[in-house]
Each structure stands twice: as structure tokens, then as C-alpha cells.
Amino acid sequence: MSRQSMISIIVPLHNEAPNIQPLYEELLDAIHNLPYLFEFILIDDGSRDDSAQIARSIAKRDPRLRLLEFARNFGKEAAVSAGLHNCKGDAAVIMDADLQHPPALIPAFISKWRRGYEVVVGLRTYDKRETLLKRGCSALYYKIMQKIAHTKITPHATDFRLLDRSVIEAFNGLPERNRMTRGLIDWLGFKRGYVKFKTRLRMHGEVSYTFTKLIGLAINSMTAYTLLPLRLAGYLGLTILAISAPLGAFILVEKYILHDPLGLQFSGPATLAVIILFLVGVMLACMGLVAMYIAHIHAEVLGRPLYVIRPERMSNDRLEVAE
């Protein structure tokens, strides 16, 4: 007889006290008729309110709920990683505590997983409530990342996603500390499906991920998933050299060898400016060469595996249980 599969629900908490009980109730409604075992892992990321106490009181009534308490605020990415490190499920659903990620969609995520998708990503649809600035910055970010990133970035993908156990194990083997969870999952690959949803209004409290933090996350992702910023100095230097070297050679021949037959009368400052431009190009080109070595060091320091092999055990057990 096949073992009954377990699904882990991972929820980071940061000052989410008013949302925890409504979230728990909606989770119970969402999983009520599903033929799986469930565990709820709540990670308190240094909350200053009663988030930990409320979660602890629910855990006393429901042994499926576990609370992990951080000693201080380490950030959402660390909280999600802690949940993935400690979950026991054959798959894990990551979601926010503010109910903007609808628990009612969990069956849809699991249905995709049953059909063989190892990563199921929640795609946020267009929301008219968002400011024009936020929508514009988001669109610009994804357009830039799709052009320069060495990892495919899916537009409007969220942290609301399901991961198969094989993906969880691969993720847990990644060593870097300054991380963007969704970017690392995208880097791992695996077979992926998508579930579209519209975010709901936040029930209580204020958003912990401010616009400033989102900008910081975008900058972090650009430096983590593309080496183009390192190479730009080299490209700029080569461009300057391609312009200044022929121009300098032309001035040298026209003025000092042929004695200005064209009557251009290049002045001393103009000649000096071209020489300085040439030297700047040489310096920037050398910086680009150094950047190539830094890029190799960057890749080695990250310590990511050279490749990720999908385990041979596939989801036959979970399919038999779910049918």
C-alpha cells in the first residue's frame, strides 16, 4: 500500500499577529477535502508583536503546526529558507501570512504537482490598485532582467509556489547567504507549471516589504544573476579605444608627419584631450579584464553545484494516493 503523501505549508511571519488566526482558518478550509497529510510551518522572523504567542497557542491545539522562532529579524529570504530546511513534506507550499496569497488556491497548486510539475509558481495578474510607479518599475525590472540575466526570470512570478521534495533537497544544498529565493528556484530549473491569481487586499497591518526593500531586492538579484554590470566597464573601455585610437593616429599623421595638409590645425589641448581619452579607454579596458577574473571568483565563491540531477524516484506514489 502506498504511503500517504505529506504537504508542508511554509509561512514566514513578521508582525502578522492579526492575520494568523484568519490564515489558519482559511488553510483548514482549503485542505479539508484533500487526501494528504499536512504540516504547517510558521517562521517568526523577529516579530515585535504577538505573532509568536498566537502561533504557539494554535500549535497547542493542532499538532500539525510547528513554530520556528528567529532570535532577531533576519529577513523573509532567511525565513523561507529555514522553512524549507525544516519541512518534512513530499512537497512544500510557500506563501505569505497576509492572505494576499489565497489559501483557496492550494488545491490548484497540488493538482499541478500531481500532474508531474516539480515547481508550481503563482503568477500575479495585473492589479489596478497598484500605483503607476510600482507597475512601471516592475515592468522595467522584468524587461531588464530578461535581457541580461543568465537565469530565466518569469515576469510577475511570486513567492507563492509549490516545490517538490526533489527541488527542496536541491535548494537546501545551495550555500549562498545573500539570497533571493525565487531566483534560486528559477536557477535550479525543473519542470514548472503556473497558477494565475489576483492578490487580495492585505487584511491587517502594514506591508513589511517596503518599496525601498523591493529596490534593494532588485539590485541584489541583478548582481546575483547577471555579471553584466562587471563587464560594462570593459565594454565602455573598448568603445572608447575604438574611437580614440584611430582619431589619435589620424592627428599624429595629419599634423606631425604630413604637416597639416588638410588645414585642420589641431590645437595642443585637442591633441591632449585625445591622448587622455585613449588612456581612459585603456584603463577601463583593463578594468573589464579584471572584472572577468572577479566574475570567475564570484562564481566560485557562490559555491553552487555544477549541475542538478532530478532524482530517479518520480511521483508515482503521490499520484496513486491522489487518484
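Remember, predicted model here, so these are calculated numbers, not experimental data. (Residues numbered from 1 in each chain as written. Predicted model: local features only at pLDDT ≥ 70, side-chain atom pairs only at ≥ 80, totals over all residues. Heavy atoms only, no water.)

Trainee: Residues and numbers for the overall build of the protein chain, please.
Mentor: Of the regular secondary structure elements, the protein chain holds 11 helices and 7 strands. Classification of the 323 residues of the protein chain by burial places 45% in the buried group. Taking contacts inside the protein chain between residues at least 6 apart in sequence as the whole, the part at least 24 apart equals 81%. Of the roughly 17,600 Å² of accessible surface on the protein chain, a fraction of 63% belongs to carbon and sulfur atoms. (Helix = DSSP H or I, 4+ residues; strand = E, 2+ residues; numbered from the N terminus. Buried < 20%, exposed > 50% of the residue type's maximum accessible area, 1.4 Å probe, protein only. Contact = heavy atoms within 4.5 Å. Areas by Shrake-Rupley, 256 points an atom, 1.4 Å probe, with all protein chains shown as cover.)

Trainee: Would you mind going over the environment of Arg 66 in detail, with residue names and values included?
Mentor: Looking at where Arg 66 falls in the secondary structure, it is placed in strand S3 (residues 65-69). Residue Arg 66 is classed as partly exposed on the basis of its relative accessible area, which comes to 25%. The sequence separation of Arg 66 and Asn 86 amounts to 20 residues, and the corresponding C-alpha distance is 9.9 Å. Apart from residues no more than four positions distant in its own chain, Arg 66 is found in contact with Glu 39, Phe 40, Ile 41, Leu 42, Asn 86, Cys 87 and Lys 88. Of the polar contacts made by the side chain of Arg 66, one reaches the side chain of Glu 39; its length is 3.3 Å. (Polar contact = N/O pair within 3.5 Å; in protein donor to acceptor, adjacent residues only side chain to side chain.)

Trainee: I'd love a proper account of unusual backbone geometry, names of residues and values included.
Mentor: At Asn 15, a position not held by glycine, the phi torsion is positive, near 55°. You can see Asn 15 is positioned in the loop between strand S1 (6-13) and helix H1 (17-31). Although it is not a glycine, Leu 99 adopts a positive phi angle of roughly 70°. The residue Leu 99 is located in the loop between strand S4 (91-94) and helix H4 (106-114) in this model.

Trainee: Which residues make up the packing of aromatic side chains, and what values go with them?
Mentor: In the structure shown here, the tally under the stated rule is 5 aromatic pairs. An angle of 55° between the planes, with centres 6.2 Å apart, marks the rings of Tyr 36 and Trp 113 as tilted. A residue pair is termed long-range when its members are at least 10 positions apart, and Tyr 36 in the loop between H1 and strand S2 (37-44) and Trp 113 in helix H4 qualify at 77 residues. Assessed through its relative accessible area of 7%, Tyr 36 is described here as buried. Connected via pairs of aromatic rings, a cluster forms that spans Phe 109, Phe 160 and Phe 197. Directly above the aromatic system of Phe 74 lies the positively charged group of Arg 72, at a separation of 3.8 Å from the ring centroid. (Phe/Tyr/Trp six-rings, centres within 6.5 Å; stacked < 30°, edge-to-face > 60°. Lys NZ or Arg CZ within 6 Å of the ring centre and 35° of its normal.)

Keep in mind these numbers describe shape, not what the thing actually does.
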